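Residue-level structure breakdown
This is what each chain is made of:
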There are 2 protein chains.
Amino acid sequence: MPAKRPPVPLSRERIIEAALHIADGQGLRRLTMRRLGDALQVEAMAIYHHLPRGKEALMDALAEHVTTVTVDPSGSATWQELARAWARAGRAALLEHPGVLALALTKPPQGTALIAVREQGEQLAASGLGDSTQAVRSLRAYVMGSVAVEIQRSGWAGPAGDGEEPGAPPLPGSRTESEQEAVAAFERGLEALLRGLAET
Amino acid sequence: MPAKRPPVPLSRERIIEAALHIADGQGLRRLTMRRLGDALQVEAMAIYHHLPRGKEALMDALAEHVTTVTVDPSGSATWQELARAWARAGRAALLEHPGVLALALTKPPQGTALIAVREQGEQLAASGLGDSTQAVRSLRAYVMGSVAVEIQRSGWAGPAGDGEEPGAPPLPGSRTESEQEAVAAFERGLEALLRGLAET
DNA sequence: CATTGCGGCTTACTTTGTAAAGGGCGCCGC
DNA sequence: GCGGCGCCCTTTACAAAGTAAGCCGCAATG
């Protein structure tokens, strides 16, 4: 009796969720269509009905997912506070799924992610910042780079990772840092950048 | 008559060079052992004699190669000039090989790349900068992120790229920028960050 | 001249992405 | 109730990739 119906009917959202789980848990390299199918209790080919362009579409969707953030501007009085909020939100979103960082840093923003970038620019401009385009760019660069450095230091395997668990052995030369140290370093660099952006 | 000797005897350096060429020209996805062998006029398996851990070792070597930079400190009087030199060198090295950016941003520095990072810290400390560790970290983050943004805007395919040529069609929403615009944006953000770092 | 070992080749097996076609199940109009 | 349709999922199949195992020629060495 082939062709059994899966318990819960499979959707784009469920696929992305499962894919993120696999990528974060075992590395991008281990994220294969068949494994994804297994995780969803489905044959690999079933995925193609929800993501017509196959793995390509999946990668795009993953990148879009971890780079889509929203910030409520009403909570920030100055453009500095607003910029901090965006930066922290961006960092948090990227750190949540280290397995797909390589995609997020490499693929151009699309869909909701692109909209988010534009929104960031508009909000910063509306809150009185002069060259908001430049600011958005510098902020995005700093956020992305910071997360990259953090992930590197955490000993995460990477896109061509050896398939080991995410908690790889710490680097021989430098101790793995704590979460507090990481946020502190991020905040200090962020403040430096904001100060620099203030003096047009 | 099998077992023909190749004209030039194959070495680790030649392998890396050819791999970079392929990755930059057709994307990381298209960098396969067999294709690499073809480019070197050799069978794929021959590569394993020079890179024992196979593709894994190749990826590590590529990441190391594009993140290894050197700066002559004698050309810089202030720590700001030194930091600028390091930042520009780092950016240039990464931009030279967009195909392996994902590796460079994801893999922890090893070998010569790690040495370069340490050297940067020592030089900055020696030139009078207080918290050089923090500064190196912020600078590296900014440089890596800036290049990531630049590559994204250039419409480069990415690690799971569709295999098209690097000169992909420009993003629909935003025009592809010129080299001048790119350096200008980089320099402005860099200056902002340096100003911020100056005020401890 | 026989030996040894480096360096490349051949073969073969496993895993992956994905095209193509098949099949069950629910829902529709009648 | 029922025949057919269409949606989702499965099956099957194939090309391409990573790489383990073992072969073999060539050159230097004794």
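1. Examining the overall build of chain A
Within chain A, the secondary structure is distributed over 8 helices and 0 strands. Counting across all 200 residues of chain A, residues that qualify as buried make up 42%.

2. Quick notes on helix α6 (residues 112-126) of chain B
Each full turn of the α-helix corresponds to 3.6 residues, which orients residues three or four apart in the same direction. Residues and elements named next belong to chain B. The terminal C-alpha atoms of α6 lie 21 Å apart, and with 15 residues this matches the ideal 21 Å at 1.5 Å per residue to within 8%. What α6 keeps buried is the set A113, A116, V117, Q120, Q123 and L124. End-on, the buried residues of α6 take up no more than an arc of 130°, which puts them together on one face. If you follow the buried residues of α6, they end up packed against α3 (55-66), α4 (79-96) and α7 (132-153).

3. Description of the relation of the copies chain B and chain A
Least-squares fitting of chain B to chain A yields an RMSD of 0.1 Å, with the superposition described by an axial translation of 0.0 Å and a rotation of 180°. When the rotation and shift are considered jointly, the pair of chain copies conforms to a two-fold rotation axis. Both copies contact each other with a shared surface, as 100% of the interface residues of chain B are interface residues in chain A too.

4. Considerations on the interface of chain B and chain A
By convention, interface size is frequently given as the accessible area that disappears when the constituent parts associate. Contacts between the two partners involve 44 residues from chain B, matched on the other side by 44 residues from chain A. Each residue belonging to the side of chain B that touches chain A can be placed in one class, and the counts come to 22 nonpolar, 11 polar and 11 charged.

5. Quick word on the domain arrangement of chain A
Residues and elements named next belong to chain A. Domain parsing of chain A yields domain 1 (12-64) and domain 2 (70-198). On the domain 2 side, the residues contacting the 14 residues of domain 1 number 18 residues. Counting residues per element, the ones that place at least two in the side of domain 1 that touches domain 2 are α1 (12-26) and α3 (55-66).

6. Here's the deal with the confidence of the model for chain A
All names here are of chain A. Put simply, chain A has an average pLDDT of 89, and 86% of its residues get 70 or more. Between the elements of chain A, mean pLDDT differs from a low of 92, seen in helix α8 (residues 179-198), to a high of 98, seen in helix α4 (residues 79-96). Low pLDDT, under 50, characterises residues 161-165; the predicted model gives this stretch 9 contacts beyond four residues in sequence or across chains.

7. Some points on unusual backbone geometry
All names here are of chain A. Positioned with a positive phi, Q41 is a non-glycine residue whose angle comes to about 60°. Structurally, Q41 is set in the loop between α2 (33-39) and α3. For Q41, a count of 13 C-beta atoms within 10 Å puts it in the partly exposed group.

8. Points about the environment of T70(B)
Residue and element names in this part refer to chain B. Turning to its location among the elements, T70 is positioned in the loop between α3 and α4. A residue is classified by how many C-beta atoms lie within 10 Å of it, and T70, with 12 of them, is exposed. The spatial distance from the C-alpha of T70 to the C-alpha of L105 is 18 Å, given a sequence separation of 35 residues.

9. Notes on the environment of Q120(B)
All names here are of chain B. Looking at the element boundaries, Q120 is found in helix α6. With 26 C-beta atoms packed within 10 Å, Q120 lands in the buried category. Each C-alpha atom, one on Q120 and one on A185, is 23 Å from the other, the two residues being 65 residues apart in sequence. Not counting residues within four places of it along the chain, the set of residues in contact with Q120 comprises W86 and V136.

10. With respect to the environment of W156(A)
Residue and element names in this part refer to chain A. As for its placement among the helices and strands, W156 is situated in the loop between α7 (132-153) and α8. The exposure class assigned to W156 is buried, which follows from the 21 C-beta atoms found within 10 Å. Placed 148 residues apart in sequence, W156 and V8 show a C-alpha to C-alpha distance of 33 Å.

Parameters at a glance
Residues numbered from 1 in each chain as written. Chains lettered and ligands numbered in written order. Predicted model: local features only at pLDDT ≥ 70, side-chain atom pairs only at ≥ 80, totals over all residues. Helix = DSSP H or I, 4+ residues; strand = E, 2+ residues; numbered from the N terminus. Buried ≥ 20, exposed ≤ 12 C-beta atoms within 10 Å, placed from the backbone. Expected span 1.5 Å × (residues − 1). Arc of directions from axis to C-beta. Contact = placed C-beta atoms within 7 Å. Least-squares fit on C-alpha atoms with pLDDT ≥ 70 in both. Nonpolar A, V, L, I, M, F, W, Y, C, P; charged D, E, K, R; others polar. Domains from an automatic or database assignment. pLDDT = per-residue confidence, 0-100.

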